[in-house]
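Take a look at the letters that make up each chain.
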Amino acid sequence: MRDKVSVIGAGNVGATLAQRLAELDLVDVALVDVVEGLAEGKALDLLEAGPVVGYDSQVVGSTDYAITDGSRLVVITSGLARKPGMSRDDLVTANAKIVGEVTTAVMEHSPDAILIIVTNPLDVMTELALRVSGLPRTRVIGMAGVLDTARFRTFLAAELRVSVRSVEAYVLGGHGDSMVPLRAVTTVAGVPIGRLIAPERLEEVVQRTRDGGAEIVRHLKTGSAFYAPSASAAQMVEAILLDRGQILPCAIHLEGEYGLDGVVVGVPVKLGTAGVEEVIEVELTPAERAELVRSAEAVRETIAVLG
Ligand code: TXD
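Residues numbered from 1 in each chain as written. Predicted model: local features only at pLDDT ≥ 70, side-chain atom pairs only at ≥ 80, totals over all residues. Heavy atoms only, no water.

**Points about the packing of aromatic side chains**
Then, number 1: The tally for this structure, following the rule as stated, stands at one aromatic pair.
Then, number 2: An angle of 35° between the planes, with centres 4.5 Å apart, marks the rings of Phe226 and Tyr227 as tilted.
Then, number 3: Taking the relative accessible area as the measure of exposure, Phe226 reaches 17% and is therefore buried. (Phe/Tyr/Trp six-rings, centres within 6.5 Å; stacked < 30°, edge-to-face > 60°. Buried < 20%, exposed > 50% of the residue type's maximum accessible area, 1.4 Å probe, protein only.)

This is the structure:
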């Protein structure tokens, strides 16, 4: 039998993630949604794509968490998405209720799972899932940094007319307006970005990265991004399943790293079988350190709303 990965929420991110996971042909996929028929229908449709695309992953869907029994990994995407004019923090109360209930149900069926949280506001929902699940911090991981970094790399590559593969970058901090794209360790084929782009232009790229989610919400009007978010979550799942030891920026509860304690923010971590196997401390400039502290404060303030 294959390992099972469950995806909670069969909306835009959840269903696209289920597709990406099925296409990896590594695991079986269980899709759950509160809306009657939604997960069942999408899962069956995905299963029927198997013969054409060429995968044997079983894909099942239900409103019933019984199908998630014994999952190796569970990705939580359930919740409301942003509409134009809304900030991620505007979602906090509604999504806290959803993520709290979902985490409890998930833990009843898969006490040994690693949780990846996607629902916004991301850092706050990761903190909430950590508290509700009672799991160690190494097994409750938030997806945001991979996405924010992908946006940063996309814009830098376009600016320099090079392959996205040649751009190494990190975006740390909270998944919000205070995210921290690192300038000092961002390189193109080993050359620091500061030598390739004028400072004012680099700041414009940084700002577009910060606004990357809102830019898409403005276009879509009825929802938020899901192709790049689902690809980012899939990369984290794969790193864990294949024990890659890949270092990716993820949201984790910090316990003193980067001088921050008791708050979830995005930092580079090593992902493997056990979940987060190491928190990596990259060197920050004093300005970046100050931005990271400010970003963590913004996350703390939203967590306080939860009580
Ligand atoms: O970087 C990131 N972390 C993010 C986060 C990038 C993109 C999207 N991000 C957030 O993920 C977004 O702000 C939302 O909070 C979630 C899900 O976004 P998505 O675009 O997938 O939203 P949809 O399409 O509205 O899907 C949400 C689904 C929908 O089908 C609901 O019926 C379901 O969640 N839902 C539930 N499922 C199970 N159980 C409960 N209680 C429940 N409530 C809603």
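**Observations regarding the domain arrangement of the chain**
Then, number 1: When the domains of the chain are assigned, the result is domain 1 (4-142) and domain 2 (145-306).
Then, number 2: Each of domain 1 and domain 2 was reduced to a C-alpha centroid, and the two centroids are 22 Å apart.
Then, number 3: The interface is formed by 40 residues belonging to domain 1 together with 48 residues belonging to domain 2.
Then, number 4: For the domain 1 and domain 2 pair, buried surface summed over both sides reaches about 3600 Å², with 69% attributable to carbon and sulfur atoms.
Then, number 5: When the buried area of domain 1 at its contact with domain 2 is split by residue, Arg88, Asp123 and Arg137 rank highest and sum to 20% of it.
Then, number 6: Applying the counting criterion to the domain 1 and domain 2 interface returns two salt bridges.
Then, number 7: Measuring nitrogen to oxygen at the nearest pair gives 2.8 Å for the salt bridge that ties Glu257 to Arg137.
Then, number 8: Our count for the domain 1 to domain 2 interface comes out at ten residue pairs in polar contact (both at pLDDT 80 or more).
Then, number 9: Residue assignment for the side of domain 1 that touches domain 2 shows that the elements contributing at least two residues are α1 (12-24), β4 (73-76), α3 (92-109), β5 (114-117), α4 (122-133) and β6 (140-142).
Then, number 10: A per-element tally of the side of domain 1 that touches domain 2 places α4 first, with eight residues.
Then, number 11: Among the residues forming the side of domain 1 that touches domain 2, the class breakdown is 23 nonpolar, six polar and eleven charged. (Domains from an automatic or database assignment. Contact = heavy atoms within 4.5 Å. Buried area = accessible area lost by both parts, 1.4 Å probe. Salt bridge = Lys/Arg side-chain N within 4 Å of Asp/Glu carboxyl O. Polar contact = N/O pair within 3.5 Å; in protein donor to acceptor, adjacent residues only side chain to side chain. Helix = DSSP H or I, 4+ residues; strand = E, 2+ residues; numbered from the N terminus. Nonpolar A, V, L, I, M, F, W, Y, C, P; charged D, E, K, R; others polar.)

**Some thoughts on the side chain of Thr119**
Then, number 1: Positionally, Thr119 belongs in the loop between β5 and α4.
Then, number 2: Among the residues examined, Thr119 registers a relative accessible area of 4% and is labelled buried.
Then, number 3: Within polar-contact distance, the side chain of Thr119 engages the backbone oxygen of Ser78 at 2.7 Å.
Then, number 4: If sequence neighbours within four positions are ignored, Thr119 has contacts with Ile76, Thr77, Ser78, Gly79, Asn95, Val99 and Met125.

**Considering the nonpolar core**
Then, number 1: In terms of nonpolar packing, the biggest core is built from 83 residues, with Leu115, Met236 and Leu271 touching the most fellow members.
Then, number 2: In terms of domain composition, this core takes at least three residues from each of domain 1 (4-142) and domain 2 (145-306).
Then, number 3: When near neighbours in sequence (up to four residues on either side) are disregarded, Met236 contacts Ile116, Ile141, Gly142, Met143, Val146, Leu248, Cys250 and Leu271. (Core = buried A, V, L, I, M, F, W, Y, C linked by side-chain atoms within 4.5 Å.)

**A few points about the packing of α1 against helix α2 (residues 38-53)**
Then, number 1: For the pair α1 and α2, interaxial distance at closest approach is 10 Å and the crossing angle is 30°. With respect to α2, the axis of α1 lies roughly parallel. The element α1 and its partner α2 pack so that their crossing is right-handed. Here Ala15, Ala18, Gln19 and Glu23 of α1 lie close against α2, whose contacting residues are Lys42, Leu46 and Val53. (Axes fitted to C-alpha atoms, helices over the stretch in contact; angles between N-to-C directions. Parallel < 35°, antiparallel > 145°, perpendicular 65-115°, else oblique. Left-handed = near helix turned anticlockwise from the far one by under 90°.)

**Here we look at unusual backbone geometry**
Then, number 1: Cis geometry marks the peptide bond from Asn120 to Pro121; its omega dihedral reads -5°.
Then, number 2: By the secondary structure assignment, Pro121 is in the loop between β5 and α4.
Then, number 3: Notably, Arg161 is not glycine yet its phi reads approximately 55°, a positive angle.
Then, number 4: With relative accessibility at 78%, the residue Arg161 sits in the exposed group.

**Some words on the sheet that holds strand β10 (residues 187-188)**
Strand pairing in a sheet relies on backbone hydrogen bonds, with the paired strands running either antiparallel or parallel.
Then, number 1: Read from one edge of the open sheet, three strands run β7-β10-β11, paired in antiparallel fashion. Either end of the sheet is taken by a strand with one partner, and the two such strands are β7 (167-168) and β11 (191-192).
Then, number 2: Bridging between β7 and β10 involves two bridges; their strand directions are antiparallel. By the bridge assignment, Val167 is partnered in β10 with Val188. (Pairing = 2+ DSSP bridges.)

**A look at the environment of Thr63**
Then, number 1: Relative to the helices and strands, Thr63 is located in the loop between β3 (59-62) and β4.
Then, number 2: Between the alpha carbons of Thr63 and Glu297 there is a distance of 37 Å; along the sequence they are 234 residues apart.
Then, number 3: Ignoring sequence-local partners within four residues, the contact set of Thr63 consists of Val32, Asp33, Val34, Val35, Glu36 and Glu40.

**Notes on the site of the ligand**
Then, number 1: Not every one of the 27 residues close to the ligand is listed here, only the nearest: Asn12, Val13, Asp33, Leu80 and Met143.
Then, number 2: Asn120 is positioned with one of its side-chain polar atoms (N or O) 3.1 Å from an oxygen atom of the ligand.
Then, number 3: The side chain of His175 places a nitrogen or oxygen atom 3.1 Å from an oxygen atom of the ligand.
Then, number 4: Taking 860 Å² as the accessible area of the ligand by itself, protein coverage stands at 87%.
Then, number 5: Residue assignment for the shell around the ligand shows that the elements contributing at least two residues are α1 and α3.
Then, number 6: In terms of residues, the shell around the ligand owes the most to one element, α3, which gives three residues. (Near = heavy atom within 4 Å. Areas by Shrake-Rupley, 256 points an atom, 1.4 Å probe, with all protein chains shown as cover.)

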